[in-house]
Amino acid sequence: AVVSTQSTGVSKGIFDKVAQGEGTSALDAAADELDLGDGDGAWGDDDLDLDDEGKLGGSDDGLGEEDGGGWDVEDDIDLPPDLDIAVTQVTGTSYVPPAIGTSTAKRWTDNSQFAVDHLMGGSVDSAMRLLDDQIGVVDFNPYKSLFMEVMGRGAVCLPGLPCQAPIMAYPPRTLNDNSPKTTLPRKYQKLTDLVEQLQVGYQLTTQGKFSEAAIKFHSILLAVPLLIVESKEELNEAQQLIGICREYVLGLQMEIARKELPRRTVDDQIRICELAAYFTHCNLQPVHLILVLRSAAQLFYKLKNFKTAASFARRLLDCGPKQDLATTMRKIIAACEKNPVDEHKLQYDQHNPFVLCARSYLPIYRGKAVEKCPLCTASYLPEHKGSVCTVCKVSEVGKETIGLRIFPGQFR
């Protein structure tokens with residue numbers, strides 16, 4: 001029904017009337033307009049055939065015979081016999097999602113045997129296992145900051161739309177390498193980068209900043225196992241770099257310990273001279289060896305071990321020092337030759353080759369049992385087997401390993 005108003009000229013319908021409160025609801029208004037008749041046809045009253053007590057009469061089941069045919073379905077339909085209809089068989093009712101693909105980071109760990117590639121892919125556990133098998137790393141605390149830095153360089157985060165998650169991209173080592181079986185992450189660091197850091201360590205040593213220099217050499221030592229070199233020449237250079245860092249870390253640790261020792265008794269003076277003498281047998285750069293030999297010659301001269309002091313002075317002259325330092329060493333030699341004896345006996349024999357125990361700072365002479373660190377190859381007395389190396393601070397002394405693996409040719 002439509003109600004028209006003269007004031008506005010707009011027709012009103014049922015729902016408009018309800019909205020203005022003229023009806024209870026739109027559904028009720030529609031229901032009121034229905035013309036309910038007598039319910040003829042299928043809605044007609046059935047003859048219930050009630051008896052005197054109000055119960056249904058007739059048959060026991062209470063259902064009378066229906067007059068109509070109900071849903072009459074005829075099965076005898078004549079269809080052409082040449083109809084060919086494809087029948088689709090339903091095998092299941094549940095939705096089967098597609099299989100999850102392999103991420104780029106997972107492919108890196110599958111395609112590489114280098115610990116650094118596993119770190120770039122975020123697989124810390126497998127990287128730790130590789131370092132343990134290769135160089136016997138058992139204490140990963142010194143590696144924590146380095147691991148975090150390597151993992152942070154494996155992916156690039158691209159900001160997306162506001163309130164949306166960023167897009168992660170994984171730069172490959174080779175720009176056009178998109179094969180899932182050969183893709184690898186970009187290199188974390190090059191050997192030349194560590195060589196530049198080595199120069200910084202040399203400068204700190206020359207300036208007498210022993211603690212800072214030791215930290216720098218130690219960081220370089222830990223970074224070498226995370227390199228990937230391209231040739232055997234670079235592999236040899238990396239191994240030489242480990243040896244240089246080992247010698248400097250060991251020597252600087254001894255020098256720091258020597259400066260902290262007391263000087264009250266003669267035994268204290270003897271131990272100070274022993275550490276100074278051991279430091280002269282570390283493989284150092286000539287400029288640093290000159291400084292070490294000068295310190296040892298002066299200490300032994302004050303201890304009145306003139307014979308050994310003169311030997312240090314002669315070794316210093318062989319290094320080609322400056323003129324004023326050379327003059328001082330010649331004076332020491334001339335003074336020592338007047339009484340070429342050692343007043344105190346030290347645990348030091350300069351004519352008998354030895355390696356130094358990196359924990360006790362005692363000489364291990366040739367022919368004696370010795371244990372090695374798998375990473376830095378620092379030497380130890382047999383009683384220190386199984387302990388953590390004091391030079392690299394990560395590997396177990398005397399542990400059997402397969403060796404450093406940073407060159408692809410080592411896996412062939």
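The rules behind each value
- Each chain has its residues counted from 1, running along the sequence as written.
- It should be noted that, the model being predicted, local features are given only for residues of pLDDT at least 70 and side-chain atom pairs only at 80 or more, the latter also being counted only at that level, while totals for whole chains, interfaces and linings use all residues.
- As a convention, hydrogens and water are excluded, and side-chain values are obtained from all of the structure's heavy atoms.
- Starting at the N terminus, helices and strands are each numbered in turn, a helix being any DSSP run of H or I of at least four residues and a strand any DSSP run of E of at least two.
- Only protein chains enter the accessibility calculation, which uses a 1.4 Å probe; a residue is then buried when its area is under 20% of its type maximum, exposed when over 50%, and partly exposed in between.
- Only heavy atoms matter for contacts: two residues are in contact if any of them lie within 4.5 Å across the pair.
- Only the protein chains shown count as cover for residues, with accessible areas throughout obtained via the Shrake-Rupley method and a probe of 1.4 Å.
- A fitted line through C-alpha atoms serves as each axis, taken over the contacting stretch for helices, and the angle formed by two N-to-C directions is quoted from 0 to 180°.
- An angle counts as roughly parallel when it lies under 35 degrees, as roughly antiparallel when it exceeds 145, as roughly perpendicular when it falls between 65 and 115, and as oblique in every other case.
- Note on convention: the crossing is left-handed when the near helix lies turned anticlockwise from the far helix by less than a right angle, right-handed when the turn is clockwise.
- Amino acids outside the nonpolar list (Ala, Val, Leu, Ile, Met, Phe, Trp, Tyr, Cys, Pro) and the charged list (Asp, Glu, Lys, Arg) are all regarded as polar, and Gly is one of them.
- The salt bridge criterion pairs a side-chain nitrogen of Lys or Arg with a carboxyl oxygen of Asp or Glu, the two atoms within 4 Å.
- Between the rings of Phe, Tyr and Trp (Trp by its six-membered ring), a pair exists once the centres lie within 6.5 Å; its type follows the angle of the planes, with under 30 degrees stacked, over 60 edge-to-face, and the other angles tilted.
- Buried Ala, Val, Leu, Ile, Met, Phe, Trp, Tyr and Cys residues form a nonpolar core when they are joined through side-chain atoms within 4.5 Å.

Engineer: Give me the lowdown on the overall build of the protein, citing residues and values where you can.
Structural biologist: Helix and strand content of the protein: 13 helices and 8 strands. Counting across all 412 residues of the protein, residues that qualify as buried make up 35%. The long-range share in the protein, meaning contacts at least 24 apart out of those at least 6 apart in sequence, stands at 56%. A total of about 26400 Å² of accessible surface is found on the protein, and carbon and sulfur atoms cover 52% of it.

Engineer: Tell me what's going on with the packing of helix α10 (residues 266-279) against helix α11 (residues 286-302), and back it up with residues and numbers.
Structural biologist: Packing of α10 against α11 leaves a shortest axis separation of 9 Å and a crossing angle of 150°. Comparing their axes, α11 and α10 come out roughly antiparallel. In the crossing of α10 with α11, the sense of the turn from one axis to the other is left-handed. Contacts between α10 and α11 involve I272, C273, A276, A277 and F279 from the first element and V292, A296, L299 and F300 from the second. Classifying every residue of the contact of α10 with α11 by side-chain character gives 9 nonpolar, no polar and no charged.

Engineer: Please provide a residue-by-residue account of unusual backbone geometry, values included.
Structural biologist: Backbone geometry at K304 places phi at a positive 65°, although glycine is not the residue there. Located in the positive-phi region is K393, a residue other than glycine, with phi close to 65°. With respect to the secondary-structure elements, K393 resides in the segment after β8 (379-380).

Engineer: Please provide a residue-by-residue account of the pattern of salt bridges, values included.
Structural biologist: Taken as a whole, this structure holds 10 salt bridges when the rule is applied. Across the pair E337 and R314 runs a salt bridge, and its minimum N-O distance is 3.3 Å. With E337 in helix α13 (residues 323-337) and R314 in helix α12 (residues 306-318), this residue pair connects regions lying 23 residues apart in the sequence. On the accessibility criterion, E337 (48% relative accessible area) is partly exposed. Overlapping salt bridges, with partners in common, bring together E255, R258 and K259 in one network.

Engineer: Explain the environment of Y278 to me, and be specific about the residues and the numbers.
Structural biologist: Within the element layout of this structure, Y278 appears in helix α10. With 78 residues separating them in the primary sequence, Y278 and L356 have C-alpha atoms 7.5 Å apart. Once you skip the residues sitting within four places of it in the chain, Y278 turns out to touch M254, R271, Q347, Y348, F354, L356, Y361 and P363.

Engineer: Describe the packing of aromatic side chains, naming the residues involved and giving the relevant values.
Structural biologist: Tallied over the full model, the rule gives 14 aromatic pairs. With centroids separated by 6.2 Å and ring planes inclined at 50°, the aromatic side chains of F140 and F147 adopt a geometry described as tilted. For F140, a relative accessible area of 16% gives the class buried. Clustering of aromatic rings is evident, with ring pairs tying together Y278, F300, F312, Y348, F354 and Y365.

Engineer: Any chance you could break down the nonpolar core for me, citing the residues and the numbers?
Structural biologist: Core analysis: the biggest nonpolar cluster contains 98 residues, and Y143, F217, C376, Y380, C389 and V391 have the highest contact counts within it. In terms of residue count, helix α9 (residues 232-260) provides more of this core than any other element does, 10 residues in total. If near-sequence neighbours (up to four positions away) are discounted, C389 is found in contact with C373, C376, A378, Y380, V394, S395 and V397.

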